[in-house]
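Chains, contacts and geometry: an overview
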Number of protein chains: 2
Amino acid sequence: LDYQHVQVPFEITLWIMLASLAKIGFHLYNKLPSVVPESCLLIFVGLIMGGIIYGLNDRSPPVMDSDIFFLYLLPPIVLDAGYFMPSRPFFENIGTILLYAVVGTIWNVFGIGFSLYGICQVKAFRLQDVSLLHNLLFGSLIAAVDPVAVLAVFEEIHVNEKLHILVFGESLLNDAVTVVLYKLFRSFCEMPTIKSVDVFAGVGKFFVVGLGGVLVGLSFGFTAAFTTRFTKDIRVIEPLFVFLYSYLSYLTAEMFHLSGIVAIISCAMGMKRYVEANISLKSHTTVKYFMKMWSSVSDTLIFIFLGVSTIGENHEWNWPYICFTVIFCLIWRALGVLVLTFFVNRFHVNTITSKDQFIIAYGGLRGAICFSLVFLLPDFHRKKLFIAATTVVILFTVFVQGMTIRPLVDLLAVKRKRESAPTVGEQIHIRFLDHLLAGIEDISGHWGQYYWKDKLEYFNSKYLQKILLREYDQPKSSIVLVYEKLERKHAIELAQAGQLGHGPAHPSFLCSAFLCSSSDRAVITDQKLEDTLNPDVLDNMQEILARNLYRIRRTGPAYNRHTLPGDSEPTERAKEILILRHKSL
Amino acid sequence: LDYQHVQVPFEITLWIMLASLAKIGFHLYNKLPSVVPESCLLIFVGLIMGGIIYGLNDRSPPVMDSDIFFLYLLPPIVLDAGYFMPSRPFFENIGTILLYAVVGTIWNVFGIGFSLYGICQVKAFRLQDVSLLHNLLFGSLIAAVDPVAVLAVFEEIHVNEKLHILVFGESLLNDAVTVVLYKLFRSFCEMPTIKSVDVFAGVGKFFVVGLGGVLVGLSFGFTAAFTTRFTKDIRVIEPLFVFLYSYLSYLTAEMFHLSGIVAIISCAMGMKRYVEANISLKSHTTVKYFMKMWSSVSDTLIFIFLGVSTIGENHEWNWPYICFTVIFCLIWRALGVLVLTFFVNRFHVNTITSKDQFIIAYGGLRGAICFSLVFLLPDFHRKKLFIAATTVVILFTVFVQGMTIRPLVDLLAVKRKRESAPTVGEQIHIRFLDHLLAGIEDISGHWGQYYWKDKLEYFNSKYLQKILLREYDQPKSSIVLVYEKLERKHAIELAQAGQLGHGPAHPSFLCSAFLCSSSDRAVITDQKLEDTLNPDVLDNMQEILARNLYRIRRTGPAYNRHTLPGDSEPTERAKEILILRHKSL
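It should be emphasised that the depicted structure is a prediction, and the values quoted were computed from it without experimental measurement.

Each value, and the rule that gives it
Within each chain, residue numbers correspond to sequence positions counted from 1 in written order. By the order in which they are written, chains take letters starting at A while ligands take numbers starting at 1. Only residues with pLDDT of 70 or above have their local features reported here, since the model is predicted, and side-chain atom pairs are shown and tallied only from 80 upward, although totals for entire chains, interfaces and linings are computed over all residues. Hydrogens and water are ignored here; the side-chain numbers use all heavy atoms of the structure. Segments assigned H or I by DSSP are reported as helices when at least four residues long, segments assigned E as strands when at least two residues long, and all are numbered from the N terminus. Each residue is placed in one exposure class: buried if its accessible area under a 1.4 Å probe, protein chains only, is under 20% of its type's maximum, exposed if it is over 50%, and partly exposed if it falls in between. Contact definition: two residues touch when any of their heavy atoms are within 4.5 Å. Only the protein chains shown count as cover for residues, and all accessible areas are computed by the Shrake-Rupley method using a 1.4 Å probe. Each pair of aromatic rings taken from Phe, Tyr and Trp, with Trp reduced to its six-membered ring, is defined by centres within 6.5 Å and is described as stacked if the planes are under 30 degrees apart, edge-to-face if over 60, and tilted in the remaining cases. Both a distance and an angle decide whether a charge sits over a ring: NZ of Lys or CZ of Arg must be within 6 Å of the ring centre and within 35 degrees of the ring normal. Any carboxyl oxygen of Asp or Glu within 4 Å of a side-chain nitrogen of Lys or Arg constitutes a salt bridge here. By buried area we mean the combined loss of accessible area, with a 1.4 Å probe, across both parts when two parts are placed together. For the purposes of these results, a polar contact is taken to be a pair of N or O atoms within 3.5 Å, where, inside protein, one atom must be able to donate a hydrogen and its partner to accept one; residues adjacent in sequence count only when each atom of the pair is a side-chain atom. Delimitation of the domains relies on an automatic or database domain assignment. In this classification, Asp, Glu, Lys and Arg are treated as charged, Ala, Val, Leu, Ile, Met, Phe, Trp, Tyr, Cys and Pro as nonpolar, and every other residue, Gly included, as polar. Axis geometry follows a simple rule: fit a line to the C-alpha atoms, using only the stretch in contact for helices, then measure angles between N-to-C directions, giving values from 0 to 180 degrees. Should an angle fall under 35 degrees it is called roughly parallel, over 145 degrees roughly antiparallel, and 65 to 115 degrees roughly perpendicular, with every other angle called oblique. By definition, turning the near helix anticlockwise from the far helix through less than a right angle yields a left-handed crossing, and turning it clockwise yields a right-handed one. Superposition of the copies was done by least squares, using only C-alpha atoms of residues whose pLDDT is at least 70 in both. Per-residue confidence from the predictor is reported as pLDDT, which spans 0 to 100. Each residue after the first adds 1.5 Å to the expected span of a helix. Here the bend at a residue is taken as the angle between two axes, fitted respectively to the seven residues that end there and the seven that start there. Residues qualify for a patch when their relative accessible area is over 30% and they have no salt bridge, like charges being joined within 9 Å and the nonpolar side chains of Val, Leu, Ile, Met, Phe, Trp and Tyr within 5 Å.

1. As for the overall build of chain A
Scanning chain A for helices and strands turns up 25 helices and zero strands. For chain A, buried positions account for 52% of its 585 residues. Sequence-distant contacts, at least 24 apart, represent 82% of the contacts inside chain A between residues at least 6 apart. Accessible area of chain A: about 27,300 Å², with a carbon and sulfur share of 65%.

Right under this line is the structure:
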């Protein structure tokens, strides 16, 4: 028996296996996951495992290594989150999200830090040796909402898209703030005196860390897209590039002390559109599947490790400090959300309701990031107190808040996610309004969201696509693609119903819907189609439509010295009709 | 800049990235890979990289760590090989493969060992201090044909299936022999005296190592299949189990000093059939895709590392010893193939031609396994000589033999792999002959290959399927499945040609082909279909057919005291017709 030799990969494989089997176990009984969130069950499994290890060895089980967490477990989850991020609601609410993530987090850090310092002044609690700086340091690590925990809970309760993206986006983007504040206070703790220069440098760092992360991420993302231009002959390694470049962006950002989370999200969001167009359908299935698989396993491992690490003798149970930490976390978050939403609502027509505010405040779960950060603290005599407080806050938020949020959402009748995807008709209307608003903004000279979106889209189609897409030279009209897809789908269903050869010849019918661009006709077509299409296919079609309907508007600028208005469009449309007619012959 | 923190994952990612980019680079120019095998190009890239590292640092570049090779790089390649192993030719030639792998390898080990010992006795070469045992140890590591190198070359030259499986199967299965002999001689080298008991124990070990590997592999394979019965609700982690269990089988075998390669191959071959039936189609695509991707990257990394490790100062260039090693490797392999094939041909009707024998002998490439084993040798004063000799043998076989084997195959007009998959008609004929031969063997009382195959199939459908497959209770007739697939395919093509609604109604036509089981009708149908089906789809259909056509024969034993003959079959057929009619209404 030679265990030493295979120990490392063997134990890693066994942990992953345990995680996967636990996941299967929970799903064997359908009732369990619908009552208790999976994250709670996994922590529970971890607690049992930790108890067993503790009982057998009579010493604390190994805690989750912060390096393992930050280098191996966190990236897959964030990559998955970034890659599947619904970009429209994200960018529509980017201002609000940033406000919550940056101002809200700073508010929480200082709020919690100063109030806990106040508690430390009470003589009865015997905490007078915890300095203000240490309290602020603790505040900086406990204030950050955790994307892993939020994702695990919010994926199960299906609140409406806006609410989801507000909580989830905040949890992702507050990483930059947390990293800066945590490192700032940690370095302050080790300095003899603090100069005002250092404080200003800290403020400057926010921008460097956040924007640097975005830059690193985007540059890796575009490189990835560019690389997949050349993989036509070796399809089999295409998925690899998506993972390699994303991971490199994360590592590079971490190496330069930038925000790795922000970098990997920018990378994923930046590359997605181009990579999808370049790689084969099977590669894309593999990428999506593997990303989900990987993030799901990482997520499971993190919660199990959280449970395992809780058991042991790393804790100093000063209950006043711990209880006040939980209370302050709740209070300051609630206050922060109230105040910030007040300002947000003044500038928006589509306001955040008080129910939504409650869920945003209540959904501020803490998780493995806090946990890893507290173990990364330099050794000082109260570290064990901080570990105990962090553990209790995490368990409280995950168990109490995580388990009650679903009943609360039901009770408050919070607006849910709509079950069905928007119809093609709605989609066309939304697009139409987008163009309209962009036009209005253009005329009124107001540089709003729609204006920038339009400019970005223009830049994309003019330059980026040419560089990053393989088949830009011979673009197949996307509407023809959708039409083909519909036809194929229709044919399959006819075949499955055994009606091949008997049904009416649909092409002409669909064709007319395509050629006339009036939207009411499209709606009629759509309602008939929807009976025969499953949501997945519709989703895909809508993505293609969404990506390409811009082409219709871009008939050239209203006035241009070099071209006559509407010069290129008619020929293109004629070409599309030609392609279609060629197909149907 | 905090490089230390991210060093390990960063460097791994960079190496993988380099490997992938090198692969892309080779395929950018179509001419290059068709002349030079990819393995040579990769070694060349490695040599350049190694040269650069050597030039910059002025010390030997890092050699490939044997642990990394055996624990991380080799398993994906062997898993891929085992999972995609064509099982019919493999089991048809298992006797010949085992003969080559076991007897052939022993022949080579002792042949090379003793002849090199003879060379060492020549005073002019100054090698008298290399003992017989050391020569045999060296023989045991240099004799083994390398699966990675063989796969890399033979995948590109497309020889006929039998020849391919003979060389490739041998390269995989000789691992057990190599491991035993290598460890035996290594322990002998360290013993003061060798007793005859030790020698006999060594012989016994062959069986333990080989059969133990098979047992470990099969038990993990069946556990994997059993686990995938319960993954219906969490499709996303299904692919994981395939990888986890295979890897565990490899590690467990290695842990108990059994053959990891044999274990992982048995695991993959054992689980494949059941896992495929249990997991979803998308999961299966992911499994196949990821396996190919992973093995392709491992393969690339291995050859690059081979190149890098060649550069440096680890070598003792005693040219007589090195040259005679190359010569003896060639001679003993050629002799071994000749002698063994002589015996094989006496017992087979379908003999191995002399051209085939030449290619088998010439295709005995050495690769990274020898290389890793020679670095694992305990330190003694001639280790550097062995390293030099191994390096030269590997480079010689990969470059000279690898590059000339394609022209030689062309020159000798070796029978090639047939380009098209066998038609459904041929497939049915082959099945028919199988049943016929099984019947003949049954009657004549001869327990041959077909008899055992039939028994195994019976055991499988009677017990294994019930335990390992999820949907055994409600099996969908496979022929109905194939029919549906054909229909679907047909419908899509009609849609693509724009003829939906105009073409003739095919169902009845296909239906009749299905209902009448005479094979000539099937051939006619088949020829018409083949024009419209791509090889991939055909392949898939044939797999389903191959797996299920056994059902037709199993009408119950010819005579049985408890049932009347032909009791169950008619009802089943009636049911199938019913299903079909229901579909077409």
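2. Observations regarding the packing of aromatic side chains
By the definition in use, this model includes 54 aromatic pairs over all chains. Ring plane angle 25° and centroid distance 6.2 Å describe the contact between Phe-110 of chain B and Phe-114 of chain B, whose orientation is recorded as stacked. In this pair, Phe-110 of chain B and Phe-114 of chain B both sit in helix H6 (residues 94-120), four residues apart, roughly one turn of the helix. Taken together, the ring pairs connect Phe-243, Phe-290 and Trp-294 of chain A together with Phe-243, Phe-290 and Trp-294 of chain B into an aromatic cluster. When the ring centre of Tyr-83 of chain B is taken as origin, the NZ or CZ atom of Lys-272 of chain B, which lies over that ring, is 5.6 Å away.

3. Points about the pattern of salt bridges
It is possible for side chains bearing opposite charge to pair when their charged atoms get close. In this structure the tally under the stated criterion is 24 salt bridges over all chains. Two residues, Glu-38 of chain B and Lys-23 of chain B, come together in a salt bridge whose shortest N-O distance is 2.7 Å. Here Glu-38 of chain B is found in helix H3 (residues 38-57), whereas its partner Lys-23 of chain B is found in helix H1 (residues 3-28), with 15 residues between them in sequence. With respect to burial, Glu-38 of chain B and Lys-23 of chain B carry one shared label: buried. Counted as one network, the salt bridges with shared partners bring together Arg-88, Glu-92, Asp-434 and Lys-453 of chain A.

4. Comments concerning helix H7 (residues 132-142) of chain B
Residue and element names in this part refer to chain B. For H7, the tally of buried residues reaches nine of eleven residues, placing the bulk of the element in the interior. Listed in full, the buried residues belonging to H7 are His-134, Asn-135, Leu-136, Leu-137, Phe-138, Gly-139, Ser-140, Leu-141 and Ile-142. Tucked into the core, H7 has its buried residues touching H6, helix H9 (161-190), helix H14 (319-347), helix H16 (368-375) and helix H17 (383-412).

5. Here we look at the interface of chain A and chain B
Where the parts come together, the accessible area they lose is often given as the size of the interface. With 74 residues of chain A in contact, the opposing surface of chain B contributes 74 residues. Carbon and sulfur atoms make up 76% of the surface buried where chain A meets chain B, a total of about 6,600 Å² over both sides. Taken together, the links from chain A to chain B amount to zero salt bridges. The tally of links between chain A and chain B comes to six residue pairs in polar contact (both at pLDDT 80 or more). Going through the elements one at a time, helix H1 (3-28), helix H4 (66-83), helix H11 (238-255), helix H13 (281-310), helix H20 (478-496) and helix H25 (569-584) of chain A are the ones with two or more residues in the side of chain A that touches chain B. Per-element tally for the side of chain A that touches chain B: the top contributor is H1 of chain A, with 16 residues.

6. Focus on the domain arrangement of chain A
Residue and element names in this part refer to chain A. Taken domain by domain, chain A comprises domain 1 (3-412) and domain 2 (425-471). Of note, the centres of domain 1 and domain 2, computed from C-alpha atoms alone, are 33 Å apart. Contacts between the two partners involve 17 residues from domain 1, matched on the other side by 14 residues from domain 2. When domain 1 packs against domain 2, close to 1,200 Å² is buried across both sides, 44% of that on carbon and sulfur atoms. Taken together, the links from domain 1 to domain 2 amount to two salt bridges. A salt bridge links Asp-434 to Arg-88, with the shortest nitrogen-to-oxygen separation between them at 2.8 Å. At the junction of domain 1 with domain 2, the criterion picks out five residue pairs in polar contact (both at pLDDT 80 or more). Listing elements by their share of the side of domain 1 that touches domain 2, those giving two or more residues are helix H5 (87-92), helix H10 (196-227) and helix H12 (260-278). Here the side of domain 1 that touches domain 2 takes four residues from H12, the largest share from any one element. When the residues that make up the side of domain 1 that touches domain 2 are grouped by side-chain class, the tally is seven nonpolar, three polar and seven charged.

7. Observations regarding the packing of helix H8 (residues 147-157) of chain A against H13 of chain A
Residue and element names in this part refer to chain A. Two elements in contact, H8 and H13, have axes whose closest approach is 11 Å; the angle formed by their N-to-C orientations is 110°. If you check the angle between H8 and H13, you find them roughly perpendicular. Touching Val-148, Ala-149 and Ala-152 of H8 are Asp-299, Ile-302 and Phe-303, all from H13. When its residues are assigned to classes, the contact of H8 with H13 shows five nonpolar, no polar and one charged.

8. Observations regarding the packing of helix H11 (residues 238-255) of chain B against helix H13 (residues 281-310) of chain B
Residue and element names in this part refer to chain B. Axis separation between H11 and H13 bottoms out at 8 Å; the angle between their running directions is 40°. If you check the angle between H11 and H13, you find them oblique. As H11 runs across H13, the sense of the crossing is right-handed. In this structure, H11 uses Glu-238, Pro-239, Val-242 and Phe-243 to contact H13, whose residues at the interface are Ser-283, Thr-286, Val-287, Phe-290, Met-291 and Trp-294. For the contact of H11 with H13, a count of residues per class yields seven nonpolar, two polar and one charged.

9. A word on the environment of Ile-194 of chain A
Residues and elements named next belong to chain A. Examined against the element boundaries, Ile-194 turns out to sit in the loop between helix H9 (161-190) and H10. Spatially, the C-alpha atoms of Ile-194 and Val-45 are 45 Å apart, while their sequence positions differ by 149 residues. Apart from residues no more than four positions distant in its own chain, Ile-194 is found in contact with Leu-133, Phe-188 and Val-199.

10. Observations concerning the relation of the copies chain A and chain B
With an RMSD of 0.1 Å, the operation that places chain A on chain B is a rotation of 180° combined with a shift of 0.0 Å along the axis. What we have between these two chains is a two-fold relation. A shared binding surface is used by both copies, with 100% of the interface residues of chain A retained as interface residues in chain B.

11. Some remarks on the confidence of the model for chain A
All names here are of chain A. Averaged over chain A, the pLDDT score is 79; the fraction of residues at 70 or greater is 81%. Taking the mean pLDDT of every element in chain A, the minimum, 38, falls on helix H21 (residues 507-515) and the maximum, 92, on H11. Counting contacts from residues 501-531, a segment whose pLDDT is below 50, to residues more than four positions away or on other chains yields 34 contacts. Ignoring residues within four places in sequence, the model shows residues 549-571, a span with pLDDT below 50, making 23 contacts including any to other chains. The ipTM for the predicted assembly is 0.76, set against a pTM of 0.79.

12. Overview of the side chain of His-315 of chain A
All names here are of chain A. Looking at the secondary structure, you find His-315 in the loop between H13 and helix H14 (319-347). Residue His-315 is classed as buried on the basis of its relative accessible area, which comes to 12%. From its side chain, His-315 meets the backbone oxygen of Thr-310 in a polar contact 2.9 Å long. Those residues in contact with His-315 that sit more than four places away from it in its chain are Ser-309, Thr-310, Lys-384, Ile-387, Ala-388 and Thr-391.

13. Describing helix H4 (residues 66-83) of chain B
Note: α-helices contain 3.6 residues per turn, so residues at a spacing of three or four share the same orientation. All names here are of chain B. Here H4 is 18 residues long and its end C-alpha atoms lie 24 Å apart, about the 26 Å a rise of 1.5 Å per residue gives. At Leu-74, H4 is bent by approximately 45°, the largest bend along its length, and proline Pro-75 sits one to four residues beyond. Of all 18 residues in H4, 15 are buried; the element is thus mostly enclosed.

14. Considering the environment of Tyr-274 of chain B
All names here are of chain B. Within the secondary structure, Tyr-274 is located in helix H12 (residues 260-278). Using a relative accessible area of 5% as the deciding quantity, one classes Tyr-274 as buried. Contacts of Tyr-274, omitting those with residues within four sequence positions, involve Phe-222, Ala-225, Asn-460, Leu-464, Gln-465, Leu-468 and Leu-469.

15. Things to note about a nonpolar patch on the surface
Residue and element names in this part refer to chain A. There is a patch of nonpolar side chains on the surface, built from Trp-107, Ile-327, Leu-330, Ile-331, Leu-335, Leu-338, Val-339, Phe-342 and Phe-343 and spanning about 770 Å² of accessible area. Top element by residues in the nonpolar patch is H14. It accounts for eight residues. In this fold, Leu-338 is placed in helix H14.

16. Things to note about the environment of Ser-66 of chain A
All names here are of chain A. Here Ser-66 shows up in helix H4. Remark: the alpha-carbon pair of Ser-66 and Phe-371, spanning 305 residues in sequence, is separated by 8.5 Å. Among residues more than four places away in sequence, those in contact with Ser-66 are Ser-372, Phe-375 and Leu-376.

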